[in-house]
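Fold and geometry: a report
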2 protein chains.
Amino acid sequence: MRTLHVELGERSYPIYIGSGLLERLGELSIARGINRNSTHLIVTDDKVAPHYLQQAEETLAAAGYSVISHIVPAGESSKSLQTFEEVMTTAIQGGLDRSSAVFALGGGVVGDLAGFVAATYMRGVTFVQIPTTILAHDSSVGGKVAVNHPLAKNMIGAFHQPVMVLYDVNTLLTLPPRDISAGLSEMVKHGLILDRDFAYWCRDHAADLLRLDPEALSYGLERGCAIKADVVSKDEREGGLRAILNLGHTIGHAIEAVGDYGRFLHGEAISIGMAGSAMLAEKLGRDKGIYEETVSMLKALNLPVTLPPDVSVDDIMAAMQHDKKFTEGRMVFIVPEAIGAVSIVKDVPVDAVRCVVEMLKGESV
Amino acid sequence: MRTLHVELGERSYPIYIGSGLLERLGELSIARGINRNSTHLIVTDDKVAPHYLQQAEETLAAAGYSVISHIVPAGESSKSLQTFEEVMTTAIQGGLDRSSAVFALGGGVVGDLAGFVAATYMRGVTFVQIPTTILAHDSSVGGKVAVNHPLAKNMIGAFHQPVMVLYDVNTLLTLPPRDISAGLSEMVKHGLILDRDFAYWCRDHAADLLRLDPEALSYGLERGCAIKADVVSKDEREGGLRAILNLGHTIGHAIEAVGDYGRFLHGEAISIGMAGSAMLAEKLGRDKGIYEETVSMLKALNLPVTLPPDVSVDDIMAAMQHDKKFTEGRMVFIVPEAIGAVSIVKDVPVDAVRCVVEMLKGESV
Ligand SMILES: NC(=O)c1ccc[n+]([C@@H]2O[C@H](COP(=O)([O-])OP(=O)(O)OC[C@H]3O[C@@H](n4cnc5c(N)ncnc54)[C@H](O)[C@@H]3O)[C@@H](O)[C@H]2O)c1
Ligand SMILES: NC(=O)c1ccc[n+]([C@@H]2O[C@H](COP(=O)([O-])OP(=O)(O)OC[C@H]3O[C@@H](n4cnc5c(N)ncnc54)[C@H](O)[C@@H]3O)[C@@H](O)[C@H]2O)c1
Ligand SMILES: [Zn+2]
Ligand SMILES: [Zn+2]
């Protein structure tokens with residue numbers, strides 16, 4: 001088992017990564033001080049539950065915990081206020097109190113939803129993340145939790161740190177291939193923003209990662225989590241630095257919106273967004289070569305780097321304007337300076353971004 | 001203008017109390033650093049809006065702010081997830097961003113609802129309280145915000161401190177008499193828990209307070225806010241001490257629930273609850289006289305101190321069990337030790353509480 005620490009003063013917590021950790025959930029919950037007199041709640045989804053819910057319930061019961069479960073439909077649509085209210089109903093009917101914990105067993109959707117429940121049930125209870133996707137190495141660290149509003153993603157949320165993250169890499173073996181690649185997109189992003197060697201390591205071990213080799217996977221998740229944890233420790237509530245985690249996300253979020261949050265997975269959309277950011281970097285005068293190197297990494301991980309021809313540039317630009325304000329034809333953008341280094345540029349011309357989006361479609365400029 | 005400070009480290013904020021403060025809202029918002037480049041949102045209700053919304057909008061506009069408003073129906077039923085989502089829709093459509101502020105113009109209902117919006121819109125934006133009820137001298141200080149779940153009150157919420165509380169006592173002139181008394185109930189509670197002289201002052205100035213004499217009212221609100229602020233500074237997230245603010249609330253919440261949150265105002269219910277706590281104190285061996293003195297204060301403020309005959313003792317006990325757990329026939333209770341002093345007693349026999357509820361109905365024991 002590898003252990004990382006997220007340093008956040010009195011809100012610090014450990015991330016445990018390894019094979020077969022799920023069966024140690026009860027024991028580690030005791031170690032983290034979770035109260036054995038209260039009832040606790042596991043939130044999971046209907047694709048994860050058949051594989052892992054019973055084991056999670058049994059290890060907690062064996063450790064003396066009383067637990068109830070709530071299973072939501074798999075998919076982004078469960079990050080809604082309606083599902084949130086349903087989970088709250090289960091929590092109230094189950095008699096959860098101020099000393100209860102909410103366990104998120106699943107990917108980023110379950111983590112964000114259950115985390116928002118934990119942040120707001122009786123004004124906040126204990127939260128545990130048990131990520132079961134690769135993408136969730138990103139979403140389970142940092143304490144951002146949220147549900148979506150019909151008009152915009154992640155609009156309703158909080159910062160609520162878990163008391164531990166328990167990452168059993170064995171649970172990843174049942175992941176569909178598209179979700180594997182999509183999760184690796186955030187992993188290589190962590191290299192691209194802060195760790196050149198790790199970015200190249202991801203490319204060089206792409207085959208191992210894609211076939212879920214436990215050694216490669218554990219190392220990649222540990223390094224990805226460590227980079228994220230480091231940024232979050234320095235800027236818990238996104239005052240400044242934390243924004244670098246959004247590399248590829250400005251264009252990526254627009255792509256997700258235009259695809260109605262179903263056509264592209266989050267990791268796929270930000271892969272295209274990272275390719276776009278690299279193009280933009282070169283356009284703004286950064287080293288030639290950033291784009292080619294970035295794209296070679298993304299492609300090695302079976303990730304898309306271009307927009308399908310039927311996606312409209314106008315729609316992408318409109319969605320982006322909705323997300324970030326364009327002030328006098330300029331916008332804020334995370335721009336690669338090299339592989340492993342980015343900067344926050346506040347006055348990127350919107351025209352340059354538009355030009356990049358056109359290039360992502362393979363249109364001549 | 002009287003100014004109080006709530007000391008909470010980097011979350012410290014001022015409470016301004018005085019006549020005619022509403023017209024200074026724009027100026028004070030600038031002083032508190034509220035950003036003039038973002039759009040802001042005023043949340044109010046349909047009984048408060050006709051009196052005060054226009055003035056609030058105008059003073060903000062005159063100070064250079066761009067503001068939109070959302071008016072909810074008056075009453076507890078607006079503290080729902082549905083209304084919450086509607087306010088969120090207005091915020092998104094109005095283009096509020098991370099630097100926006102939410103202004104709560106109204107009583108505790110508007111404050112709790114708008115505060116929960118501010119706590120969760122984009123994971124938290126600036127919050128300003130402009131209380132317009134006497135009760136809100138309590139609810140606007142301390143950062144507890146929440147909406148109700150159909151199964152239980154205040155179940156979904158957060159701790160989110162305002163950046164300022166602006167209390168214009170002139171706005172209280174339009175309050176209905178029942179709401180005046182209900183608000184004074186929390187005021188005298190602040191005396192009963194921590195300040196003997198203030199409790200007697202409330203009784204001796206009951207007539208002035210009931211007719212909203214500006215001097216008496218400003219002093220009473222200042223002292224009430226100061227006591228609350230002091231407790232909150234010492235225990236922001238209700239780890240221990242803060243529980244003393246719940247004097248009368250264990251029985252009071254049960255009374256509200258049994259009256260379907262409509263029959264009794266919150267302040268009325270806790271007045272009956274405080275009478276009950278005083279009875280309980282004597283039953284548990286505290287000084288004779290606590291009950292009589294407490295009741296004289298509550299009656300002076302036109303507050304109820306008994307339960308109507310049709311209320312069922314069983315229903316009250318069931319509602320209480322739902323709120324607080326009874327462990328082995330015992331429960332936690334805030335018990336008066338004298339006028340101006342209380343303690344948190346962890347092992348009050350449920351039977352003694354039942355007996356008190358029977359006495360509150362005037363039944364022989
Ligand atoms: N909070 C944050 O900081 C943060 C960061 C990045 C992304 N996110 C959010 O994360 C979400 C995306 O996360 P995700 O990609 O994990 O999505 P997800 O939770 O929807 O999981 C993807 C799919 O895989 C299934 N699945 C999960 N674990 C499985 C397993 N072990 N075996 C088989 N199937 C499994 C799920 O049922 C789902 O169908 C988005 O909502 C995004 O906004 C949040
Ligand atoms: N957050 C906290 O710490 C805290 C503490 C105590 C109570 N509360 C909450 O506060 C709520 C009760 O507060 P409240 O009594 O202020 O209720 P309220 O907001 O419903 O106001 C009472 C009534 O007076 C009307 N009103 C408000 N201001 C007026 C004015 N100036 N002139 C004329 N009419 C006016 C309102 O429209 C409403 O009909 C409850 O929901 C309770 O849970 C919260
Ligand atoms: Zn992401
Ligand atoms: Zn109260």
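Residues numbered from 1 in each chain as written. Chains lettered and ligands numbered in written order. Predicted model: local features only at pLDDT ≥ 70, side-chain atom pairs only at ≥ 80, totals over all residues. Heavy atoms only, no water.

1. A look at the overall build of chain A
Rules: Strands are runs of DSSP state E lasting at least two residues, helices are runs of H or I lasting at least four, and both sets are numbered from the N terminus onward. We take the radius of gyration over the C-alpha atoms and set the globule estimate at 2.2 Å times the residue count to the 0.38 power. Think of it in three bands: residues with accessible area under 20% of the maximum for their type are buried, residues over 50% are exposed, and the middle band is partly exposed, with areas taken using a 1.4 Å probe on protein chains only. Contacts are residue-level and defined by heavy atoms, with any inter-residue pair within 4.5 Å sufficient. Surface exposure here means Shrake-Rupley accessible area, sampled with a 1.4 Å probe, where a residue is shielded only by the protein chains that are shown.
Tallying secondary structure elements over chain A gives 14 helices and 11 strands in all. A compact globule built from 365 residues would reach a C-alpha radius of gyration of about 21 Å, and chain A, at 20 Å, matches this within 12%. Taken along the three principal axes of its C-alpha coordinates, chain A extends 65 × 40 × 35 Å. Expressed as a percentage of its 365 residues, the buried residues of chain A come to 60%. A sequence separation of at least 24 residues applies to 74% of the contacts in chain A between residues at least 6 apart. Total accessible area on chain A is roughly 13600 Å²; 48% of this is exposed by carbon and sulfur atoms.

2. A few points about the site of ligand 2
Residue and element names in this part refer to chain B. Rules: Here, proximity means that at least one heavy atom of the residue falls within 4 Å of the molecule or strand. Residues adjacent in sequence count toward polar contacts only when both atoms are side-chain atoms; beyond that, a polar contact is any pair of N or O atoms within 3.5 Å, and within protein one must be able to donate a hydrogen and the other to accept it.
Around ligand 2 sit 26 residues in total, of which Asp45, Glu76, Gly108, Thr133 and Thr174 are the nearest. Here an oxygen atom of ligand 2 sits 2.9 Å away from a polar atom, N or O, in the side chain of Lys79. Within the backbone of Lys144, one N or O atom sits 2.8 Å away from a nitrogen atom of ligand 2. Here ligand 2 loses 90% of its free accessible area of 860 Å² to cover by the protein chains. Of all the secondary-structure elements, those providing two or more residues to the shell around ligand 2 are α4 (108–120), α5 (136–139), β8 (152–159) and α6 (177–194). Of all the elements, α4 adds the most residues to the shell around ligand 2, at three residues.

3. What to know about the interface of chain B and chain A
Interface size is commonly expressed as the accessible area that is lost once the parts come together. Put simply, the test is: Here's the idea: put two parts together, see how much 1.4 Å probe accessible area each one loses, and the total over both is what we call buried area. Definition used for salt bridges: Asp or Glu carboxyl oxygen within 4 Å of a side-chain nitrogen of Lys or Arg.
Between chain B and chain A, the residue contacts involve 31 residues of the former and 30 residues of the latter. In total, chain B and chain A occlude about 2600 Å² of area from one another, counting both sides; carbon and sulfur atoms represent 61% of this. When the area that chain B buries against chain A is broken down by residue, the three leading residues are Ile92(B), Arg123(B) and Met155(B), summing to 30%. The interface formed by chain B and chain A holds zero salt bridges in total. Viewed at the interface, chain A and chain B are joined by eight residue pairs in polar contact (both at pLDDT 80 or more).

4. Looking at the coordination of the zinc ion (ligand 3)
Residues and elements named next belong to chain A. The condition is simple: Ligating atoms shown are N, O and S within 2.8 Å of the metal, or 3.2 Å for Na, K and Ca, and water is not included, meaning a site may look less than complete.
Protein-derived coordination of the zinc ion (ligand 3) comes from Glu186 (OE), His249 (NE2) and His266 (NE2), at a distance range of 1.9 to 2.1 Å. Coordination of the zinc ion (ligand 3) draws on donor residues from a single chain, spaced E-x62-H-x16-H in sequence. Of this pair, Glu186 sits in helix α6 (residues 177–194) while His249 sits in helix α10 (residues 249–258), placing them 63 residues apart in sequence. Each of the two residues, Glu186 as well as His249, counts as buried.

5. Some words on the coordination of the zinc ion (ligand 4)
Reference geometry at the metal: tetrahedral coordination by four donors gives ideal angles of 109.5 degrees; octahedral coordination by six donors gives 90 or 180 degrees. Residues and elements named next belong to chain B. Around the zinc ion (ligand 4), the donor atoms from the protein are Glu186 (OE), His249 (NE2) and His266 (NE2), and they sit 1.9 to 2.1 Å away. Spacing between the donor residues of the zinc ion (ligand 4) along the chain follows E-x62-H-x16-H. Here Glu186 is found in helix α6, whereas its partner His266 is found in helix α11 (residues 266–283), with 80 residues between them in sequence. Neither Glu186 nor His266 differs from the other in exposure class; each is buried.

6. What to know about the pattern of salt bridges
Once the charged atoms of two side chains with opposite charge are near each other, the side chains can pair. All names here are of chain A. This model, assessed by the stated rule, comprises 46 salt bridges over all chains. With its nearest N and O atoms 2.8 Å apart, the salt bridge here joins Asp195 to Arg223. Of this pair, Asp195 sits in the loop between α6 and α7 (196–204) while Arg223 sits in helix α9 (residues 214–234), placing them 28 residues apart in sequence. Salt bridges sharing partners connect three or more residues here, namely Glu76, Lys79, Asp112, Lys153 and Glu256.

7. A word on the sheet that holds strand β2 (residues 13–18) of chain B
Across a sheet, strands are paired by hydrogen bonds formed along the backbone, either parallel or antiparallel in direction. All names here are of chain B. Test applied: Pairing between two strands requires that DSSP report at least two bridges joining them. Note on geometry: axes are lines fitted to C-alpha atoms, helical ones only across the stretch in contact, with angles between N-to-C directions running from 0 to 180 degrees.
Within the open sheet, the seven strands sit side by side as β1-β2-β9-β6-β5-β3-β4. Their pairing is mixed. The sheet terminates laterally at β1 (2–6) and β4 (66–72), the two strands that pair on one side only. Looking at each pair of strands side by side, their axes are set apart by 20 degrees on average, direction ignored. Bridging between strand β6 (residues 126–131) and strand β9 (residues 164–168) involves two bridges; their strand directions are parallel. Bridge assignment links Gln129 to a residue of β9, and that residue is Val165. Sheet strands touched by helix α2 (residues 49–62): β3 (39–45), β4 and β5 (101–106). Its angle to β3, the strand with the most contacts, is close to 165 degrees. The sheet strands contacting helix α9 (residues 214–234) are β1, β2 and β9, and the helix crosses β1 at an angle near 10 degrees.

8. Some details on the UniProt feature "binding site: Zn(2+)" (unreviewed entry) in chain A
Residue and element names in this part refer to chain A. Quick reminder of the rule: UniProt positions are given in the numbering used here, feature names are shortened, and annotations may be inferred rather than shown by experiment.
According to UniProt, the "binding site: Zn(2+)" (unreviewed entry) feature falls on Glu186, His249 and His266. A maximum C-alpha distance of 10.3 Å places the annotated residues, which cover 81 residues in sequence, within one compact spot. Contact partners of His249, with chain neighbours within four places excluded, come to Glu186, Lys189, His266 and Ile270. Looking at His249, its side chain comes within polar contact range of the main-chain oxygen of Leu247, at 3.0 Å. Once residues within four sequence positions are removed from consideration, His266 is found in contact with Leu135, Glu186, His249, His253 and Glu256. Looking at His266, its side chain comes within polar contact range of the side chain of Glu256, at 2.9 Å.

9. Considering the side chain of Asp168(A)
Residue and element names in this part refer to chain A. Keep this limit in mind: The convention is simple: Lys and Arg are positive, Asp and Glu are negative, and His and the chain ends are not counted.
Structurally, the position occupied by Asp168 is in strand β9 (residues 164–168). The side chain of Asp168 sits in the buried core without any salt bridge; Arg24 is the nearest counter-charge, 9.8 Å away. Only 2.9 Å separates the side chain of Asp168 from the backbone nitrogen of Leu22, close enough to count as a polar contact. Here Asn170 takes part through its backbone nitrogen, which lies 2.9 Å from a polar atom of the side chain of Asp168. Look past the residues within four positions of Asp168 in its chain and what remains in contact with it is Gly18, Ser19, Gly20, Leu21 and Leu22.

10. Some thoughts on the site of ligand 1
Residue and element names in this part refer to chain A. To keep it simple, the criterion reads: Charged residues are taken to be Asp, Glu, Lys and Arg, nonpolar residues to be Ala, Val, Leu, Ile, Met, Phe, Trp, Tyr, Cys and Pro, and polar residues to be all remaining types, Gly included.
Within the structure, ligand 1 sits among 25 residues, and Asp45, Glu76, Thr132, Thr133 and Thr174 are positioned closest to it. In this structure, Thr133 approaches ligand 1 through a side-chain N or O atom, which is 2.7 Å from an oxygen atom. Between ligand 1 and Thr171, the relevant distance is 2.8 Å, taken from a nitrogen atom to a main-chain nitrogen or oxygen of the residue. Out of a free accessible area of 860 Å², ligand 1 has 90% covered by protein chains. When contributions to the shell around ligand 1 are tallied by element, the ones reaching two or more residues are α4 (108–120), α5 (136–139), β8 (152–159) and α6. With three residues, the top contributor of residues to the shell around ligand 1 is α4. Considering only residue class, the shell around ligand 1 consists of six nonpolar, eight polar and 11 charged.

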